[in-house]
Amino acid sequence: MMTHRWSWIPNALTFLRILMIVPFAAALLAKEYRFALLIFFVAAATDAVDGFLARHFDWRTRLGAIADPLADKALLISAYLMLTLTGVLPYWLLWLVVGRDILIVCGGLAFHYCIGRFDLQPSIPGKINTLVQILVALAIIILLADFPMQPWVTDAGILLVAVSALFSGAHYVAVWSLKAWRVKRQ
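All of these numbers come straight from a predicted model, not from anything done at the bench.

Rules used throughout
Residues numbered from 1 in each chain as written. Predicted model: local features only at pLDDT ≥ 70, side-chain atom pairs only at ≥ 80, totals over all residues. Heavy atoms only, no water. Phe/Tyr/Trp six-rings, centres within 6.5 Å; stacked < 30°, edge-to-face > 60°. Helix = DSSP H or I, 4+ residues; strand = E, 2+ residues; numbered from the N terminus. Buried < 20%, exposed > 50% of the residue type's maximum accessible area, 1.4 Å probe, protein only. Lys NZ or Arg CZ within 6 Å of the ring centre and 35° of its normal. 1 Å grid on protein atoms, 1.4 Å probe; cavity = no way out; pocket = protein on both sides within 12 Å on 5 of 7 lines; lining within 4 Å. Points joined across faces, edges and corners; volume = space filled by probe spheres on them. Nonpolar A, V, L, I, M, F, W, Y, C, P; charged D, E, K, R; others polar. Expected span 1.5 Å × (residues − 1). Contact = heavy atoms within 4.5 Å. Polar contact = N/O pair within 3.5 Å; in protein donor to acceptor, adjacent residues only side chain to side chain. Patch = residues over 30% accessible without salt bridge, like charges linked within 9 Å, V, L, I, M, F, W, Y side chains within 5 Å. Areas by Shrake-Rupley, 256 points an atom, 1.4 Å probe, with all protein chains shown as cover. Salt bridge = Lys/Arg side-chain N within 4 Å of Asp/Glu carboxyl O. Core = buried A, V, L, I, M, F, W, Y, C linked by side-chain atoms within 4.5 Å.

A. Spatial organisation of the packing of aromatic side chains. One pass over the full model with this rule turns up five aromatic pairs. Aromatic side chains Y172 and W176 sit 6.0 Å apart centroid to centroid with 50° between the ring planes, which places their arrangement in the tilted category. Residue Y172 and its partner W176 are located together in helix α6 (residues 153-185), separated by four residues, close to a single helical turn. Assessed through its relative accessible area of 9%, Y172 is described here as buried. Owing to a relative accessible area of 8%, W176 belongs among the buried residues under this scheme. Taken together through their ring pairs, the aromatic side chains of F24, F40 and F41 make up a single cluster. Here R34 stacks its cationic end above the ring of F147, 4.2 Å away from the centre of that ring.

B. Geometry of the environment of R182. Residue placement: R182 occurs in helix α6. You can call R182 partly exposed: its relative accessible area is 48%. Separated by 96 residues in sequence, R182 and T86 place their C-alpha atoms 46 Å apart.

C. Up close: the layout of surface pockets. Its volume calculated, the largest pocket comes out at about 1900 Å³. A65, D68, P69, L70 and P122 are, among the 50 residues lining the largest pocket, the residues nearest its centre. For the lining of the largest pocket, the leading source of residues is helix α3 (residues 62-85), giving eleven residues. The residue makeup of the lining of the largest pocket, split by class, is 26 nonpolar, ten polar and 14 charged.

D. Quick peek at helix α5 (residues 124-144). Between its first and last C-alpha atoms α5 spans 30 Å; for 21 residues at 1.5 Å apiece the expected length is 30 Å, and the two agree. Buried within α5 are the following residues: P125, G126, N129, V132, Q133, V136, A137, L138, A139, I140, I141 and I142. For α5, the secondary structure elements touched by its buried residues are α1 (9-29), α2 (33-56), α3, α4 (91-114) and α6. N-cap assignment for α5: the residue whose side-chain oxygen lies 3.0 Å from the backbone N of G126 is S123. Phi turns positive, to about 65°, at D146, one or two residues after α5.

E. Representation of a nonpolar patch on the surface. Nonpolar side chains collect at one region of the surface, where L29, L81, L85, Y91 and W95 lie side by side and expose about 550 Å² of accessible area between them. Looking at the secondary structure, you find W95 in helix α4. For W95, a relative accessible area of 60% corresponds to the exposed category.

F. Region of the structure containing the nonpolar core. Counting residues in hydrophobic clusters, the biggest one holds 36 residues, and the most contacted among them are F24, L28, Y80, L83, L89 and L93. Only α1, α2, α3, α4, α5 and α6 provide two or more residues apiece to this core. Element by element, the count of residues in this core is highest for α5, at seven residues. Beyond its immediate stretch of four places on either side in the chain, F24 contacts A36, I39, F40, L75, S78, A79 and I141.

All quantities given are derived from atomic positions and should not be read as evidence of function.
What follows is the structure in structure tokens.
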């Protein structure tokens, strides 16, 4: 019973992570890459702690289930946006990353309203895509912060993110199309 008093902590950490997006984006835009890295690692730590607390003490909430992945996605999109605006990444990659996310959201909404209830569960290709995006953004920021990192990570990372985004986006379209076809056949 005593631990229930602290059940607000995971959601508070999620909202703290949301608040970190502005200084993170500002640091990237100002090319203050070491400060951006610090914020990135603090955000990652809060994500790990809030997830652990929510699972370990069963402090899961509907709000947390929605806000946590949105906070993660917003931080990641802000990294790609700022790295694009500063000329580190090409615009087409930003459009591909954001376009994939828009496709998934619109596809899920279309399925939900036109076909039937559909709980959006991340697929394995979707999870791999997110991991690739995080690792590539992190590697590029480490390189820009003048920490030890191979210079080829930018070009290789761009290619990896593009292939991963295309594959996982196509995978979601294929899965939803198959489910829609099966539901309509019944």
